[in-house]
Amino acid sequence: MSRCTLRYIFTILIYAGVAIFLWPYLTGHISTGLLFLVGGIGLAVISGILRACLMEGDCPDRITPHPTSHSSTTHTQP
């Protein structure tokens, strides 16, 4: 599995963790949803940390062009 694929998987897991975290709030069962709250935020944080660790390498779809050597302002001499 490539790093790009792992990054996408961890991104989906982050969103899934946030959804699990928010589930007790959306259903109105906050007092009984402590497991969802802890599990969801744990999944989101761990997935986010792992995704950040994998951002160190180059990914073909994330290559940005190098800035040009021209300045945005040009100076002319009189």
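Here's a quick rundown of the structure. Just so it is clear, the model here is predicted, and its values are computed rather than measured.

**Observations concerning the overall build of the protein chain**
The helix and strand tally for the protein chain stands at two helices and zero strands. Per-residue burial over the protein chain gives 17% buried out of 78 residues. Of all intrachain contacts in the protein chain linking residues separated by at least 6 positions in sequence, the fraction that spans at least 24 positions is 65%. Surface exposure of the protein chain reaches about 6,500 Å², of which carbon and sulfur atoms provide 69%.

**Observations concerning the environment of L22**
With respect to the helices and strands, the residue L22 is situated in helix α1 (residues 3-27). Taking the C-alpha atoms as reference points, L22 and I41, separated by 19 residues in sequence, lie 9.3 Å from one another.

**A short note on helix α2 (residues 34-54)**
An α-helical turn contains 3.6 residues, so a residue and the one three or four places further along point in the same direction. The terminal C-alpha atoms of α2, which comprises 21 residues, lie 30 Å apart, in line with the 30 Å expected from a rise of 1.5 Å per residue. For α2, every residue scored as buried is listed here: L37, G40, A44, S47 and L54. Mapping the buried residues of α2 onto a view down its axis gives an arc of 145°, with all of them on the same face. Of the exposed residues in α2, the ones pointing more than 90 degrees away from its buried face are L34, L35, V38, I46 and I49. Buried residues belonging to α2 abut α1.

**What to know about α1**
Here α1 is 25 residues long and its end C-alpha atoms lie 36 Å apart, about the 36 Å a rise of 1.5 Å per residue gives. Its maximal kink placed at F21, α1 deviates by approximately 35°, while the proline P24 follows within four residues. For α1, the set of buried residues is C4, R7, F10, T11, G17 and P24. Positive backbone phi, at 85°, marks G28, one or two positions downstream of α1.

**So, the environment of A44**
With respect to the helices, strands and loops of the structure, A44 is situated in helix α2. Each C-alpha atom of the pair A44 and L13 lies 6.6 Å from the other, and the pair is 31 residues apart in sequence. When sequence neighbours within four positions are dropped, the list of residues in contact with A44 reads I14, G17 and V18.

**Observations regarding the environment of G40**
Checked against the element boundaries, G40 lands in helix α2. Look at G40 and you get buried, because its relative accessible area is 0%. Each C-alpha atom, one on G40 and one on A19, is 7.2 Å from the other, the two residues being 21 residues apart in sequence. Discounting residues that sit within four places of it in the chain, G40 has contacts with G17, V18, I20 and F21.

Thresholds, definitions, all that
Residues numbered from 1 in each chain as written. Predicted model: local features only at pLDDT ≥ 70, side-chain atom pairs only at ≥ 80, totals over all residues. Heavy atoms only, no water. Helix = DSSP H or I, 4+ residues; strand = E, 2+ residues; numbered from the N terminus. Buried < 20%, exposed > 50% of the residue type's maximum accessible area, 1.4 Å probe, protein only. Contact = heavy atoms within 4.5 Å. Areas by Shrake-Rupley, 256 points an atom, 1.4 Å probe, with all protein chains shown as cover. Expected span 1.5 Å × (residues − 1). Arc of directions from axis to C-beta. Bend = angle between axes of the 7 residues up to and from the residue.

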